[in-house]
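Commentary on secondary and tertiary structure
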Amino acid sequence: MKAATAFRNRPTQTLMLRTCLLLTATLFLTACGGFSFKKTPEPEPVAEVPPPPPLPKPALLISQMTPEEPKARGDVGAYINFINGTDLTVEYVMFKTTAYDHNGRVVPSKRSGDVNTWLRVAGPFAPGQASGSRHWEQLWQNRDLRCFEIDGVELIYMDGMVEFYEADRIALLPGSDHQNSCG
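Everything numeric here is computed off the predicted structure, so don't read it as measured data.

1. Examining the pattern of salt bridges
Per the counting criterion, the structure on display carries 5 salt bridges. Among the ionic pairs, Lys 71 bridges to Glu 68, the shortest N-O distance being 3.7 Å. Using a relative accessible area of 48% as the deciding quantity, one classes Lys 71 as partly exposed. The residue Arg 73 makes a salt bridge to Asp 75 at a minimum N-O spacing of 3.2 Å. Under the relative-accessibility criterion, Arg 73 is labelled exposed at 54%. When salt bridges with common partners are traced through the structure, they connect Arg 73, Asp 75 and Lys 110 into a single cluster.

As structure tokens, then:
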């Protein structure tokens, strides 16, 4: 009877052997999965540098800016011709200027005594329209005045909006300041 019992338990032994082998294989594969294999490094993505933003277009383009020759008492005026570089119609233009003598010293405004002299022009000036040569008299009083610079410009548009632009938004066209070099 022993042989018959051993023969009957054989399928059970085979099943147990298969289960043990299956568990061993599973444990082995699980253990192998925990190891870190050396991989070839992935190439780092190349960071794209965005192009710089476009420079804003000039608010005004200056085609002429020259001081007058000093009069007998030393009174000096100025001429400015400009083009409206904005997309809107301008009602008034206010130039903020500073004048210098031949030694590089600031020449104050004759009327106010301030360092800056404000020059006003009434429009309207449509987009792209030239002003024609504008003239201001008796701005400074100095027989030795050499030049003046435009430090900024205030534009008052037809809709009432007011914008101030620094000198970097004012473009000097070639030859516009050939008789007005402060540099």
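2. What to know about the sheet that holds strand E1 (residues 60-67)
With mixed pairing, the 4 strands of this open sheet are ordered in space as E6-E2-E1-E9. Each edge of the open sheet carries a strand with a single partner, namely strand E6 (134-141) and strand E9 (170-172). Each strand axis lies, on average, 35° off the axis of its neighbour in the sheet, ignoring direction.

3. Some remarks on the nonpolar core
In this structure, Ile 80, Phe 82, Val 93, Phe 95, Trp 140 and Leu 155 are the most contacted members of the largest nonpolar core, which totals 27 residues. Mapped by element, the contributors of at least two residues to this core are E1, strand E2 (75-84), strand E3 (90-101), strand E5 (117-125), E6 and strand E7 (145-157). For this core, the element with the highest residue contribution is E7, accounting for 6 residues.

4. Here we look at the packing of aromatic side chains
Applying the stated criterion to the full structure yields 5 aromatic pairs. Measuring from centroid to centroid gives 5.5 Å for Phe 82 and Phe 95, while their planes differ by 70°, and the two rings are edge-to-face. With Phe 82 in strand E2 and Phe 95 in strand E3, the pair connects residues that are 13 residues apart, well separated along the chain. An aromatic cluster is built from Phe 82, Phe 95, Phe 125 and Trp 136, whose rings are joined through pairwise contacts. The cationic tip of Arg 120 hangs over the ring face of Tyr 92; the distance from NZ or CZ to the ring centre is 4.2 Å.

Basis of the calculations
Residues numbered from 1 in each chain as written. Predicted model: local features only at pLDDT ≥ 70, side-chain atom pairs only at ≥ 80, totals over all residues. Heavy atoms only, no water. Salt bridge = Lys/Arg side-chain N within 4 Å of Asp/Glu carboxyl O. Buried < 20%, exposed > 50% of the residue type's maximum accessible area, 1.4 Å probe, protein only. Pairing = 2+ DSSP bridges. Helix = DSSP H or I, 4+ residues; strand = E, 2+ residues; numbered from the N terminus. Axes fitted to C-alpha atoms, helices over the stretch in contact; angles between N-to-C directions. Core = buried A, V, L, I, M, F, W, Y, C linked by side-chain atoms within 4.5 Å. Phe/Tyr/Trp six-rings, centres within 6.5 Å; stacked < 30°, edge-to-face > 60°. Lys NZ or Arg CZ within 6 Å of the ring centre and 35° of its normal.

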